[in-house]
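Summary of the model geometry
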Amino acid sequence: PTNTSLLELHLTGIPGLQHLHLWISIPFCIMYLVTLAGNCVLLCVIKADPSLRLPMFLFLSMLAVIDLVMSTSITPKMLAIFWFHSTTISLGACLTQMYFVHAFSAMESGLLVAMAFDRYMAISICNPLRYSTIVTSSRTMQIGLLSLARGVAVMIPLMWLLTSLPYCKSRAIPHSYCEHMAVVELACADPSASDLYSLTVATLLVGADSVFITFSYGMILRSVIRLPSQEARLKTLRTCGSHISIILVFYIGGLLSMYLQMFPFGLGPHVQVLVADFYLTVPPMLNPLIYGMKMKQIQEGISRLLGQLAGLSLHKLM
């Protein structure tokens, strides 16, 4: 018999590919380990090196924290499903996971806009003193708090709509994490209000943020073309190209994940789930590599940190 208060749900993993869960878990485990290592190293280097207490590196620190939270909110449970068939999750834990995933996705989107604008300001303003007076550490923290507030604010109405729905159709969620569209399908009331809200908000957020990012990088390219050195132009273009690539993966993956769940277009359910999984695990893995490890200051900071650790180890041995 069905009831209107399902306290225990079951995540099925990758629908139709349960027999391949062990093999599918390998790339996700590797991506999660790289995500943990890359973002933790980035945070440690920025914290240990006083010369990196600049707005650009504060943004990188915020991005690393967001990536760690977003990836950790889904990957451990996903691996538990793949390895130990631990499919059970309470309704409260499911809604909490959903909140963290979507709220921190909105925060990351806002932070990517801020980082693109920061790069535009740094490149277009040739005078370092003028840049440092415009983009200060306090303003950087304010932007970070604004991104946090935006992510929290857009999720409050959605969570209210979800918690007001009765769930009674089934206990099984055909997904590897509590994705919004997959969870509302269990409701035995009309979920069109939550569907419309999530679709509208996600489209508006991604649309507005994409416009600002496109404008910032367009102005960056305009400034790069005016650089006198061809080597400097090529270096900046390579950096911008890698940034734009990871931004496209994040935004296109997020929109595909949402729209494929609503409009499958005849694709198998495993395609929808895999798109959503990769959208939430690939960018957190690549962000510290693309934004951080390629920067000369971060590389030098890692070398100094390793030197300090080696010196401490040698001192203890002596």
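Structure's up top.
A brief structural summary. Since this is a predicted model, take the numbers as computed values, not measurements.

1. A word on the nonpolar core
- By size, the foremost hydrophobic cluster in this structure holds 84 residues, and its most contacted members are L162 and I173.
- It is helix α4 (residues 91-124) that provides the largest number of residues to this core, a total of 17 residues.

2. Observations regarding a positive patch on the surface
- Taken together, the side chains of K235, R238, K294 and K296 make up a positively charged region of the molecular surface.
- Relative to the helices and strands, R238 is located in helix α9 (residues 230-262).

3. Thoughts on the state of the cysteines
- One pass over the structure, following the stated rule, counts 2 disulfides.
- Paired through a disulfide, C94 and C178 show a sulfur-sulfur distance of 2.0 Å. On the sign convention where negative is left-handed, the bridge of C94 and C178, at about -125 degrees about the S-S bond, is left-handed. Here C94 is found in helix α4, whereas its partner C178 is found in the loop between β3 (172-173) and α7 (180-184), with 84 residues between them in sequence. The burial state of C94 is the same as that of C178; both residues are buried.
- Covalent S-S linkage joins C168 and C188, the inter-sulfur distance amounting to 2.2 Å. Residue C168 is located in the loop between α6 (137-163) and β3, and its partner C188 is located in the loop between α7 and α8 (192-225); the two are separated by 20 residues in the primary sequence.
- Using a relative accessible area of 12% as the deciding quantity, one classes C168 as buried.
- Exposure remark for C188: the relative accessible area of 35% places this residue in the partly exposed category.
- Sulfur of C29: no disulfide; nearest cysteine sulfur belongs to C40 and is 15 Å away.
- Distance from the sulfur of C40, which forms no disulfide, to the nearest cysteine sulfur (C44) is 6.4 Å.

4. Some words on the pattern of salt bridges
- The tally for this structure, following the rule as stated, stands at 3 salt bridges.
- Between R304 and D49 there is a salt bridge, and its shortest N-O distance comes to 2.3 Å. Here the residue R304 occupies a position in helix α11 (residues 296-317), and D49 occupies one in the loop between α1 (21-48) and α2 (55-72), the gap between them amounting to 255 residues.
- Residue D49 is classed as buried on the basis of its relative accessible area, which comes to 10%.
- As a salt-bridge pair, D118 and R119 come within 3.0 Å of each other at their nearest N and O atoms.
- Owing to a relative accessible area of 3%, D118 belongs among the buried residues under this scheme.

5. Structural notes on the sheet that holds strand β2 (residues 88-90)
- Read from one edge of the open sheet, 3 strands run β2-β1-β3, paired in mixed fashion. Of all the strands in the sheet, just β2 and β3 have a single pairing partner and so form its edges.
- In this sheet, β3 lies alongside strand β1 (residues 8-11) in parallel orientation, the contact comprising 2 bridges. Residue H10 lies in a different strand from β3, and its bridge partner there is A172.

6. Description of the packing of α1 against α2
- It is at 9 Å that the axes of α1 and α2 come closest, and there the two elements cross at 150 degrees. As far as their axial angle goes, α2 and α1 are roughly antiparallel. When the axes of α1 and α2 are compared, the crossing they make is left-handed. Of the residues in α2, those in contact with Y32, T35, L36, N39, C40, L42, L43 and I46 of α1 are F57, L60, S61, A64, V65, D67, L68, S71 and T72.
- In terms of residue class, the contact of α1 with α2 is made up of 11 nonpolar, 5 polar and 1 charged.

Criteria and cut-off values
- Each residue is numbered by its place in its chain's sequence as written, counting from 1.
- This being a predicted model, a pLDDT of at least 70 is required before a residue's local features are given, and a value of 80 or more before pairs of side-chain atoms are given or counted; all residues contribute to the totals for chains, interfaces and linings.
- The basis for every side-chain value is the complete set of heavy atoms in the structure, and neither hydrogens nor water enter the calculation.
- Each nonpolar core is a collection of buried residues, namely Ala, Val, Leu, Ile, Met, Phe, Trp, Tyr and Cys, held together in the definition by side-chain atoms within 4.5 Å.
- Per-residue accessibility, obtained with a 1.4 Å probe over protein chains only, is compared with the maximum for each type, and a residue is labelled buried under 20%, exposed over 50%, and partly exposed between these values.
- Elements are defined by DSSP. Helices are runs of H or I of four residues or more, strands are runs of E of two residues or more, and each kind is numbered from the N terminus.
- To count toward a patch, a residue needs a relative accessible area over 30% and no salt bridge; like charges are then connected within 9 Å, while nonpolar side chains (Val, Leu, Ile, Met, Phe, Trp, Tyr) are connected within 5 Å.
- The accessible surface values rely on the Shrake-Rupley method and a 1.4 Å probe; as for residues, cover is taken only from the protein chains in view.
- A side-chain nitrogen of Lys or Arg and a carboxyl oxygen of Asp or Glu constitute a salt bridge if their distance falls within 4 Å.
- Under the counting rule used here, the positive set is Lys and Arg, the negative set is Asp and Glu, and His together with the chain ends is not counted.
- We put the charge of a Lys on NZ, of an Arg on CZ, of an Asp on CG and of a Glu on CD.
- Disulfide: a pair of cysteine sulfur atoms within 2.5 Å of each other.
- Should DSSP find at least two bridges between two strands, the strands are taken to pair.
- Geometry is summarised by axes, namely lines fitted to C-alpha atoms with helices restricted to the contacting stretch, and by angles between N-to-C directions that run from 0 to 180 degrees.
- Working rule for angles: under 35 degrees goes down as roughly parallel, over 145 as roughly antiparallel, 65 to 115 as roughly perpendicular, anything else as oblique.
- The handedness criterion is simple: a crossing whose near helix is rotated anticlockwise from the far helix by less than a right angle is left-handed, and one whose near helix is rotated clockwise is right-handed.
- Any two residues whose heavy atoms approach within 4.5 Å are treated as being in contact.
- Polar here means any residue outside two lists: the nonpolar Ala, Val, Leu, Ile, Met, Phe, Trp, Tyr, Cys and Pro, and the charged Asp, Glu, Lys and Arg; Gly therefore counts as polar.

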